[in-house]
Amino acid sequence: MTCVVVVGAQWGDEGKGKVVDLCTERASLVARYAGGPNAGHTLVVGGEKTIVRLIPSGVLRPDSRCVLGQGMVIDPAVLVDEIDGLTRRGVERVQERLLLSERAHLILPYHVLVDGLREARASAIGTTKKGIGPAYEDKARRLGVRAADLRHPKRLRDLVSTAIAAWTPVLLALGGEVPSVEAILETLAPLGDRLTPLLGDASRAVHDAIQAGEPVLLEGAQGTLLDIDHGTYPFVTSSSAVAGGAATGLGIGPTRIDHVLGIAKAYLTRVGGGPFPTELSDATGEHLRTVGHEFGSVTGRPRRTGWLDLPALRYAARVNGLDSLALTKLDVLSGLSEVALCVGYELNGARTKELPVDELDSAKPVLERFAGWQEPLEHARSISELPRAARAYLDRVAEFVDVPITVIGVGPGREASIVLADPFA
Ligand code: GDP
Ligand code: IMO
Ligand code: MG
């Protein structure tokens, strides 16, 4: 087993960062394949917290190489800031260990501007306002600026001018100002100087590592229910977050992927708008938010919280082809007198176990209730150390989703995990 995809199986923030960091004890190359600085992946090592946005979560392992794939959208200013921030905190050779795909598209100031202006309107969907949607729009309408263009000042000027001309009517209609081409190029020049030495062929780097038999980890961002094709459209992000996105987002064939590890919380959260059938607006929802520190790692927004939705998780298992599941934050459920799992929905007077495409907002969850447990779990390192009620809960999840649970998260720290099987084994 050499190539493993780690993919979010819910609405993001499942704990991908922690699991990737845990797995990179084995992986020598970690590659991000989708999204941009809308991601916030938290790593807690030796009690110290680090949040990465664009750089893969393997960066804290001093020997791992990190690739930013062409499926990503890169804000040059955020990337340079992130490199410098990690370096200041003592992470070794960050710049030297990074490869930025020449084909990755850039997020430029007009993308951020448009995202912010749209979010100020009634039709807002609650984006992270990092320019993600507009940057992917430019890519799809073939007006994007790619990282490779940073090498060519004349071409860069033409591309930025053309894109700004195309965005001008939109900016004006939204009541915004049109940024100047000169100002953008001036800011971009020093960032380009920093980033051009990192440019390379991500597809070749990942391919070569796999061919050499190195353990390779492909790190997802966002989650299945935020995927542009498979998520709760239109309340989604603009990239292919699912496991299949790893193949296109890095330029490798699907035949090169050996294992897909899905990450889900033991409950459910969502940031931003959109349907959420199991959402809790009571004291239990508040328990999950407070005990689980459910506040966005990018925007600081309080995350919406609710019970684990098993039909949605089974759907994620299917569209990603999950081989195994990491269930994080089981410790957060400690202290509740009762816990519940959603096992279906009531919709238009009938029951269904399938995630509805177009009526999720009117689906009422069918809940199965379980006895809770009071014991803290943070020190558990094996299944036998978990309370009987917690084991019954896990068994029901694995049975419904029909995917083995191989990692259980019992705390934010790298070590606070029960690992039942190594995805690289
Ligand atoms: P990501 O975007 O999927 O990487 O997830 P985030 O980092 O945005 O959010 C997950 C949060 O849960 C972070 O604060 C992690 O430190 C924390 N976390 C991850 N796994 C666990 C766990 O098993 N237990 C607890 N209590 N916290 C966890
Ligand atoms: P990680 O990788 C949680 C959500 C936003 C919004 C929608 C669209 O940390 O799990 P966008 O800015 O992408 O256009 O916003 O997607 N969203 C996330 N929610 N975790 C994320 O990333 C997210 N990235 C985007 O809140 O609802
Ligand atoms: Mg996150």
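The model shown is predicted, which means the values in this text are computed figures rather than measured ones.

Reading guide: rules and limits
- Here, residues in each chain are numbered from 1, in the same order as that chain's written sequence.
- Numbering of ligands from 1 and lettering of chains from A proceed in the order in which they are written.
- Residues qualify for local features only when their pLDDT is at least 70, as the model is predicted, and side-chain atom pairs are given and counted only at 80 or more; totals for whole chains, interfaces and linings, by contrast, use all residues.
- Water and hydrogen atoms were dropped before computing side-chain values, which therefore reflect all heavy atoms in the structure.
- The helix count covers DSSP runs of H or I at least four residues long, the strand count covers runs of E at least two residues long, and both are numbered beginning at the N terminus.
- Here the globule rule reads 2.2 Å times residues to the power 0.38, and the radius of gyration is calculated from C-alpha atoms.
- Every residue pair with non-hydrogen atoms within 4.5 Å of one another is taken to be in contact.
- The Shrake-Rupley method, run with a 1.4 Å probe sphere, supplies the accessible areas, and residue values consider only the shown protein chains as cover.
- Positive: Lys, Arg. Negative: Asp, Glu. His and the chain ends are not part of the count.
- To locate a charge, take NZ of a lysine, CZ of an arginine, CG of an aspartate or CD of a glutamate.
- Coordination shells were defined by N, O and S atoms within 2.8 Å of each metal, extended to 3.2 Å for Na, K and Ca; water is absent from the atom set, which can make sites look incomplete.
- The domain boundaries here were taken from an automatic or database domain assignment.
- Each of two parts loses accessible area, computed with a 1.4 Å probe, when they are put together; buried area is these two losses added.
- Every case where a carboxyl oxygen of Asp or Glu lies within 4 Å of a side-chain nitrogen of Lys or Arg is listed as a salt bridge.
- Side-chain atoms alone can form a polar contact between residues adjacent in sequence; in general such a contact is a pair of N or O atoms within 3.5 Å, and within protein one must be able to donate a hydrogen while the other accepts it.
- Note on classification: 1.4 Å probe, protein chains only; a residue is buried when its accessible area is under 20% of the maximum for its type, exposed when over 50%, partly exposed between these limits.
- Centres within 6.5 Å make a pair out of two Phe, Tyr or Trp rings, where for Trp the six-membered ring is used; the pair is then stacked when the planes are under 30 degrees apart, edge-to-face when over 60, and tilted otherwise.
- Any residue with a non-hydrogen atom lying within 4 Å of a molecule or strand is treated as near it.
- Residue polarity follows a fixed list, in which Ala, Val, Leu, Ile, Met, Phe, Trp, Tyr, Cys and Pro are nonpolar, Asp, Glu, Lys and Arg are charged, and the others, Gly among them, are polar.
- Throughout, disulfides are identified as pairs of cysteine sulfur atoms within 2.5 Å of each other.

A. A look at the overall build of the chain. From N to C terminus, the chain includes 11 helices and 20 strands. Its C-alpha atoms give the chain a radius of gyration of 21 Å, within 12% of the compact-globule value 22 Å for 425 residues. Taking the principal axes of its C-alpha atoms as reference, the chain extends roughly 65 × 50 × 40 Å. Partitioning the intrachain contacts of the chain with sequence separation of at least 6 by distance along the chain shows that 75% fall at a separation of at least 24. As displayed, the chain has an accessible area near 17100 Å², and 52% of this comes from carbon and sulfur atoms. On the chain, the mean spot of the 46 positive side-chain charges and the mean spot of the 52 negative ones are 2 Å from each other.

B. Representation of the coordination of the magnesium ion (ligand 3) within the structure. The protein atoms that coordinate the magnesium ion (ligand 3) are Asp13 (OD) and Gly40 (O), at distances of 2.0 to 2.2 Å. On the criterion of sequence distance, the pair formed by Asp13 in the loop between strand 1 (3-8) and helix 1 (16-23) and Gly40 in the loop between strand 2 (29-32) and strand 3 (41-45) is long-range, its members being 27 residues apart.

C. Representation of the domain arrangement of the chain within the structure. Under the domain assignment used here, the chain contains domain 1 (3-101 + 198-260), domain 2 (105-195) and domain 3 (264-419). Opposite the 33 residues of domain 1 that make contact, domain 3 presents 40 residues. Counting each side, the surface lost to burial between domain 1 and domain 3 is near 2800 Å², with a carbon and sulfur contribution of 58%. Looking only at domain 1, the three residues that lose the most surface to domain 3 are Gln10, Trp11 and Lys18, adding up to 25% of its buried area. Note that Arg303 is salt-bridged to Asp13, the shortest N-O span being 3.1 Å. For the interface between domain 1 and domain 3, the tally reads 19 residue pairs in polar contact (both at pLDDT 80 or more). Only helix 1, strand 3 and strand 11 (259-265) provide two or more residues apiece to the side of domain 1 that touches domain 3. Examining the composition of the side of domain 1 that touches domain 3, we find that four residues originate from one element, helix 1, more than from any other.

D. Local environment of the side chain of Ser239. Within the element layout of this structure, Ser239 appears in the loop between strand 10 (216-219) and helix 8 (244-250). The exposure class of Ser239 is buried, given its relative accessible area of 2%. In this structure Ser239 touches Ala34, Gly35, Tyr136, Gln222, Asp227 and Ile228, once residues within four positions along its chain are discounted.

E. Just the packing of aromatic side chains, in detail. As enumerated under the stated definition, the model contains three aromatic pairs in all. For the ring pair Phe370 and Tyr393, a centre distance of 6.0 Å and an interplane angle of 80 degrees mean the geometry is edge-to-face. Taken as a pair, Phe370 in strand 18 (residues 364-371) and Tyr393 in helix 11 (residues 388-401) lie far apart in primary sequence, 23 residues in all. The burial state of Phe370 is the same as that of Tyr393; both residues are buried.

F. Just the site of ligand 2, in detail. Among the 20 residues in the neighbourhood of ligand 2, the closest are listed as Asp13, Lys16, His41, Thr128 and Thr237. In the environment of ligand 2, an oxygen atom lies 2.8 Å from a nitrogen or oxygen atom belonging to the backbone of Asp13. Here an oxygen atom of ligand 2 and a side-chain polar atom of His41 are 2.7 Å apart. When ligand 2 sits alone it has 550 Å² of accessible area, and the protein chains cover 97% of it. Among the residues making up the shell around ligand 2, the classes are represented as seven nonpolar, 10 polar and three charged.

G. Representation of the site of ligand 1 within the structure. Neighbouring residues of ligand 1: 20 residues in total, closest Gly15, Lys16, Gly17, Thr42 and Asp331. The contact in question runs from an oxygen atom of ligand 1 to an N or O atom on the backbone of Gly40, over 2.9 Å. Within the contact set of ligand 1, an oxygen atom lies 2.5 Å away from a side-chain nitrogen or oxygen of Thr42. Protein burial of ligand 1: of its 580 Å² of free accessible surface, 94% is covered by the chains. Listing elements by their share of the shell around ligand 1, those giving two or more residues are helix 1 and strand 3. Residue classes in the shell around ligand 1 are distributed as four nonpolar, nine polar and seven charged. Among the domains, domain 1 (3-101 + 198-260) and domain 3 (264-419) are the pair contributing at least three residues each to the shell around ligand 1.

H. The pattern of salt bridges, seen in detail. On inspection of all chains with the given rule, the structure shows 22 salt bridges. For Arg194, the salt bridge goes to Asp84, with nearest N and O atoms at 2.8 Å. Separated by 110 residues along the polypeptide, Arg194 in helix 6 (residues 181-195) and Asp84 in helix 2 (residues 76-88) bring together distant segments of the chain. One salt bridge connects Asp149 with Arg155, and the closest N-O pair in it is separated by 3.3 Å. Exposure remark for Arg155: the relative accessible area of 41% places this residue in the partly exposed category. Several salt bridges share partner residues, and in doing so they unite Asp13, Lys265, Glu294, Arg303 and Lys329 into one network.

I. Quick peek at the state of the cysteines. Scanning the model with the defined rule gives zero disulfides in all. Cys3 forms no disulfide, and the closest cysteine sulfur to it belongs to Cys23, at a distance of 12 Å. For Cys3, a relative accessible area of 0% translates into the label buried.

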